[in-house]
Each structure stands twice: as structure tokens, then as C-alpha cells.
Amino acid sequence: MDLTMVRFECDLCGKCCASFGEFIRIERQVTTHDYFCRYDITDELFQVHVLPEYADEFADAFEEIQDTGKDIHRQGCVFTKKNPDGPGFICMIYPSRPTICREFLCYRMLIIQRETGELRGKLRGINELRTQDEILASLWKEKIAPLPHPLESNHRKVLHSPAPGTENSHSHDPHLLAHMYGLGHADDRDWIENVRTVLAAHGYVGEPVE
């Protein structure tokens, strides 16, 4: 089966920002637009540049953090804000975002109905289908969900220590935890191919996302 890859497109849900951003810490301000930060899990040190249209707003927020000694964005990334032009969230440092953000994909496969070319579902996490298609949902539950996934045991072993004061604020799904702690999906290629084979037999096309 030909392994067609499609390009990932962010839908601005902000889920990864809320999870990964919890571990991004500003170490010092360089200029009014630039900051040195550290990603606490991987210890990556990186410099970010706040986009000009948000520079003043963020500078005020950063000043408040310094003055109060309290991170007002403790439940998410300090560089994330609500999208002013619609639903969802935007990143104020998107062009200079750290490696963990660049590599993360919150959905891994698009599922298309072969006859119509219509998008019918998205595969998220290691085995989580988001769809309004009842036939596809039933197919997934009966034929695909039972397929053993090689990384499920590894994902279950991942432990999460929340930031102080956020123990009950929110949780991280296994897919987010896998990325946060360096568990990739390179070893589940055979599982992906099995999923695509089952989908193809029932009139759907699975397109992995890169």
C-alpha cells in the first residue's frame, strides 16, 4: 500500500500549548521582544522572539509575573493567548517556538471517504478517533480498536509530575505525555498500515500526517 503523507495543519485548539507550555520557563529577558527560556523536561535552552504585534502585551504580562513572583499562566504556556480573530488560541512566538512544539502533531491520520473525497475523521493519540461518521465509528470500535498497538504499554508507563499548584487543574493524554517524555511513534508503522488496510476494505482512505 502506498504510504501517502499529508501536511499537518494546526486547528488552534491549544491543547498542546496547555500541556507543553506548563514546562516552559522564562530564564531572563534579553530585549523587549526576546527572551531566553528553558524547557524543563528536556532541559533545552532556547531563545524566543515575541511577534511584534504582541510584544507590548507580553511585556506587560512578563512585568506582572516579575512583580508578583507568580506565573499567571501556570495552567498553560505563557506565550499563548486567545485568538483575537476567532475561536482557539495563538502562539506569540510561533516562528521561534522550541523543538517540542515544532515536532508535535495532535492528530496523526486523516480518514477520507473514498467515493466522495470527504474528510470523515481524524486519528488522535495512539488510538483515538474523532468522527461524526457513525459507520466509521462502528468500524473503528469493532475492527481497529482491538488491534494491539506496540506503544500502548510504554505510554501507560509514563509518569507525570504536575507543576506546583496544578495537580488538579488538568490532565495530559497519553499521546501528549509520549511527546513530552520522548516516546516517538516510529515503531508503529506496521500498526498504521494495518489500520489503513482495514479502512481501505470498507471504503475509506487513511492518510498519515507528517
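Data block above holds the structure.
Since this is a predicted model, take the numbers as computed values, not measurements. (Residues numbered from 1 in each chain as written. Predicted model: local features only at pLDDT ≥ 70, side-chain atom pairs only at ≥ 80, totals over all residues. Heavy atoms only, no water.)

J.: Go over the overall build of the chain with me, naming the residues and quoting the values.
T.: On a plain count of helices and strands, the chain comes out with seven helices and nine strands. Split into buried and exposed, the 210 residues of the chain put 41% on the buried side. Considering only residue pairs separated by 6 or more positions, the chain has 59% of its internal contacts joining residues 24 or more positions apart. (Helix = DSSP H or I, 4+ residues; strand = E, 2+ residues; numbered from the N terminus. Buried < 20%, exposed > 50% of the residue type's maximum accessible area, 1.4 Å probe, protein only. Contact = heavy atoms within 4.5 Å.)

J.: Give a detailed account of the sheet that holds strand β9 (residues 204-208), specifying residues and quantitative values.
T.: If you trace the four strands from one edge of the open sheet to the other, you get β8-β7-β6-β9, paired in antiparallel fashion. Strands with a single pairing partner mark the edges of an open sheet, and in this sheet they are β8 (128-131) and β9. Across this sheet, the average inter-strand angle for adjacent strands is 25°, counted without regard to direction. The strands that helix α4 (residues 134-144) touches are β6 (107-113), β7 (119-124), β8 and β9; relative to β8, the one it contacts most, it runs at about 170°. Its contacts with the sheet place helix α7 (residues 189-201) against β6, β7 and β9, and it is angled at close to 15° to β6. (Pairing = 2+ DSSP bridges. Axes fitted to C-alpha atoms, helices over the stretch in contact; angles between N-to-C directions.)

J.: Any chance you could break down the packing of aromatic side chains for me, citing the residues and the numbers?
T.: The full count for this structure, using the stated rule, is five aromatic pairs. With 5.1 Å between their ring centres and 70° between their planes, Y35 and F62 make a pair best called edge-to-face. Placement of Y35 in strand β2 (residues 34-39) and of F62 in helix α2 (residues 52-68) is noted, with a sequence separation of 27 residues between them. Neither Y35 nor F62 differs from the other in exposure class; each is buried. (Phe/Tyr/Trp six-rings, centres within 6.5 Å; stacked < 30°, edge-to-face > 60°.)

J.: Before we move on, can you summarise unusual backbone geometry with the specific residues and values?
T.: Even without being glycine, D43 reaches a positive phi, approximately 65°. Tracing the backbone through its elements, the reader meets D43 in the loop between β2 and β3 (44-49).

Function cannot be inferred from these measures alone, as they are strictly geometric.
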